[in-house]
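Remarks on the overall topology
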Amino acid sequence: MTTEAADSTEAAGTIAPAADPGFLQRHGGTIEYVLIPGAALAGALVVFGIFVAMFGKNPLDLYFYMYYGAFGTWFSWQNTLTRAAPLILTALCTALPAQLGMVIIGGEGALLIGALSATSAALMLQGMPPLIVQIAMVIAGVVGGGLWIMLSGALRQYRGVNETISSLLLVYIGLAILNHLVEGAMRDPASLNKPSTREIGAANMIGSIPGTDVHWGLVFGLIAAIAAYILIYHTVFGFAARVAGGNIRAAKIVGLGVSKLILTICFLAGGAAGLAGMVEVAAVQGRTNANLAAGYGFTGILVAFLARQNPLAIIPVAILLGGISASGGLLQRRLGLPDASVLVLQGIIFVFVLASDALYGRIGFLKGKS
């Protein structure tokens, strides 16, 4: 009897580890990071479905066409991945400074400045081998975007200016600079209806991944996200950044160079968004114009928050949000919804994500409590 009882106890422990308070205490935080954002996303979809039902549309049709337009076919997948590429990079622009407790929402501005810098580099190097031009575009895009966001970090560190406000204002300054140059000094005389710069040249475009219609920007985004994860969670620099983000006064007391950390992290964050701008020029547009202000930088903020600022989690979340964006056209054709409906959904998701932030650490059963 004793042996049978012991076997039964062991089997019960094997079958239901989540019932073990020790298991929940060890892994409850990880479960929270998946469960709470997932619940927020599901809640947003339900509310959006109710909103659509008020206009006489079937919510089930809405969900079907959203799925089909995002992941239902190989064409849909390629469209989704193409849209996810800049979202990964612009999300890093918010996620990296968040390690220091900073809220940077200026990824759109860094994307525009990165695109403008990359285009300028390509136009100045016309006639050079394509590989040289492409490398110069990458460097120019990263440096341009990096310096743009680093300006917000410097204003916060040396002048006490709130980085959220300054980075947002820099978006509009960046857009004004782009419009001024595109409609003035850098304008192609042949662009009559829509002012644009001259084309960078077909030879200087970065093209698509072999066998797909997805451009190489997706690979850039994946590499950047993985590199950011390694930097933040597996290097001394990343550990110092997280210490400073947890308690900046304590970081100063122990001798950490907080100013250097802030400026470096902001440069890397802006560089990621600037690289997204370079990709949009070199893989999609072929030139700089107002079409670059497509809102990728603002959607990247949502991606970063939904991923809880984790660089690796940004990848699947960006694909999900890219899919929602890709389904907008199908929703418009099949259900007669405005193309901006996906923006309404993104706004609802953002509200739910912000509201769910209060739940972290407060769900009793995830702490092993009865």
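Residues numbered from 1 in each chain as written. Predicted model: local features only at pLDDT ≥ 70, side-chain atom pairs only at ≥ 80, totals over all residues. Heavy atoms only, no water.

The name given to the protein in an unreviewed UniProt entry is ABC transporter permease, with the source organism recorded as Bradyrhizobium betae.

**Focus: the overall build of the protein**
Tallying secondary structure elements over the protein gives 15 helices and zero strands in all. With 370 residues in all, the protein has 45% of them scored as buried. Within the protein, residue pairs in contact and separated by at least 24 positions form 77% of the contacts whose partners lie at least 6 positions apart. Carbon and sulfur atoms provide 66% of the accessible area of the protein, an area that totals close to 17600 Å². (Helix = DSSP H or I, 4+ residues; strand = E, 2+ residues; numbered from the N terminus. Buried < 20%, exposed > 50% of the residue type's maximum accessible area, 1.4 Å probe, protein only. Contact = heavy atoms within 4.5 Å. Areas by Shrake-Rupley, 256 points an atom, 1.4 Å probe, with all protein chains shown as cover.)

**Considering the side chain of Ser166**
Along the chain, Ser166 falls in helix α7 (residues 163–182). The residues touching Ser166, leaving out its near neighbours within four places in the chain, are Ser152, Leu155 and Val161.

**Section: the pattern of salt bridges**
Counting across every chain of the model gives three salt bridges. Among the salt bridges present, the one from Glu163 reaches Arg156, with a minimum N-O distance of 3.4 Å. By relative accessible area, which is 9% here, Glu163 ends up buried. Between Asp357 and Arg308 there is a salt bridge; the shortest N-O distance is 2.6 Å. Within this pair, whereas Asp357 is found in the segment after α15 (341–356), its partner Arg308 is found in the loop between α12 (296–306) and α13 (311–326), the two being separated by 49 residues in sequence. (Salt bridge = Lys/Arg side-chain N within 4 Å of Asp/Glu carboxyl O.)

**As for the state of the cysteines**
Counting across every chain of the model gives zero disulfides. Unpaired in this structure, Cys266 has its nearest cysteine sulfur neighbour in Cys93, at a distance of 8.4 Å. (Disulfide = S-S within 2.5 Å.)

**Focus on the nonpolar core**
Met137 and Ile349 are the most contacted members of the largest nonpolar core, which totals 83 residues. Here the element with the most residues in this core is helix α11 (residues 258–285); it accounts for 14 residues. Residues contacting Ile349, with those up to four places away along its chain left out, are Leu41, Ala44, Leu302, Leu306 and Ile324. (Core = buried A, V, L, I, M, F, W, Y, C linked by side-chain atoms within 4.5 Å.)

**Side note on the packing of helix α8 (residues 217–233) against α13**
Taken N-terminus to C-terminus, the directions of α8 and α13 make an angle of 150°; their axes are 7 Å apart at the nearest point. Comparing the axis directions of α8 and α13 gives the class roughly antiparallel. Contact residues: Leu222, Ala225, Ile226, Ala228, Tyr229 and Tyr233 in α8; Pro311, Leu312 and Ile315 in α13. Of the residues that constitute the contact of α8 with α13, the class distribution is nine nonpolar, no polar and no charged. (Axes fitted to C-alpha atoms, helices over the stretch in contact; angles between N-to-C directions. Parallel < 35°, antiparallel > 145°, perpendicular 65-115°, else oblique. Nonpolar A, V, L, I, M, F, W, Y, C, P; charged D, E, K, R; others polar.)

**Let's talk about the packing of aromatic side chains**
Enumeration over the complete set of coordinates arrives at eight aromatic pairs. An angle of 55° between the planes, with centres 4.8 Å apart, marks the rings of Phe71 and Trp77 as tilted. Looking at Phe71, the relative accessible area reads 18%, which means it is buried. A relative accessible area of 33% means that Trp77 is categorised as partly exposed. An aromatic cluster is built from Phe48, Phe51 and Phe55, whose rings are joined through pairwise contacts. (Phe/Tyr/Trp six-rings, centres within 6.5 Å; stacked < 30°, edge-to-face > 60°.)

**Some words on helix α3 (residues 59–71)**
Between its terminal C-alpha atoms α3 stretches 18 Å, which fits the 18 Å expected from 13 residues at 1.5 Å a residue. The complete set of buried residues in α3 reads Leu62, Tyr65, Met66, Gly69, Ala70 and Phe71. Near the N-terminus of α3, the side chain that reaches the backbone nitrogen of Leu60, with its oxygen 2.9 Å away, is that of Asn58. (Expected span 1.5 Å × (residues − 1). Polar contact = N/O pair within 3.5 Å; in protein donor to acceptor, adjacent residues only side chain to side chain.)

**What to know about the confidence of the model for the protein**
When pLDDT is averaged along the protein, the result is 88, and 89% of the positions lie at 70 or above. Predicted confidence is poor over residues 8–15, with pLDDT under 50, and the contacts of this stretch with residues over four places away or in other chains come to zero contacts. (pLDDT = per-residue confidence, 0-100.)

**Description of the packing of helix α5 (residues 107–124) against α11**
Look at α5 against α11: their axes get within 7 Å of each other, and the N-to-C directions meet at 55°. The angle between the axes of α5 and α11 places the two elements in the oblique class. The two elements α5 and α11 cross, and the hand of that crossing is right-handed. Residues Gly107, Ala110, Leu111, Gly114, Ala115, Ala118 and Thr119 of α5 form the contact with α11, whose own contacting residues are Gly270, Ala273, Gly274, Ala276, Gly277, Met278 and Val281. Here the residues of the contact of α5 with α11 sort into eight nonpolar, six polar and no charged. (Left-handed = near helix turned anticlockwise from the far one by under 90°.)

**Looking at unusual backbone geometry**
Phi is positive for Arg308, which is not a glycine, with a value near 55°. Although it is not a glycine, Gln309 sits at a positive phi angle of roughly 65°. Within the element layout of this structure, Gln309 appears in the loop between α12 and α13.

**Looking at the environment of Ile104**
Topologically, Ile104 is positioned in the loop between α4 (74–98) and α5. In this structure, the C-alpha to C-alpha distance between Ile104 and Ser166, residues 62 residues apart in sequence, is 8.6 Å. Those residues in contact with Ile104 that sit more than four places away from it in its chain are Cys93, Thr94, Pro97, Ile149, Ser152, Glu163 and Ser167.

**Quick word on a nonpolar patch on the surface**
On the surface, a cluster of nonpolar side chains totalling about 610 Å² of accessible area is made up of Val46, Ile50, Phe51, Met54, Phe55 and Val344. Here the element with the most residues in the nonpolar patch is helix α2 (residues 21–53); it accounts for three residues. The residue Phe51 is located in helix α2 in this model. (Patch = residues over 30% accessible without salt bridge, like charges linked within 9 Å, V, L, I, M, F, W, Y side chains within 5 Å.)

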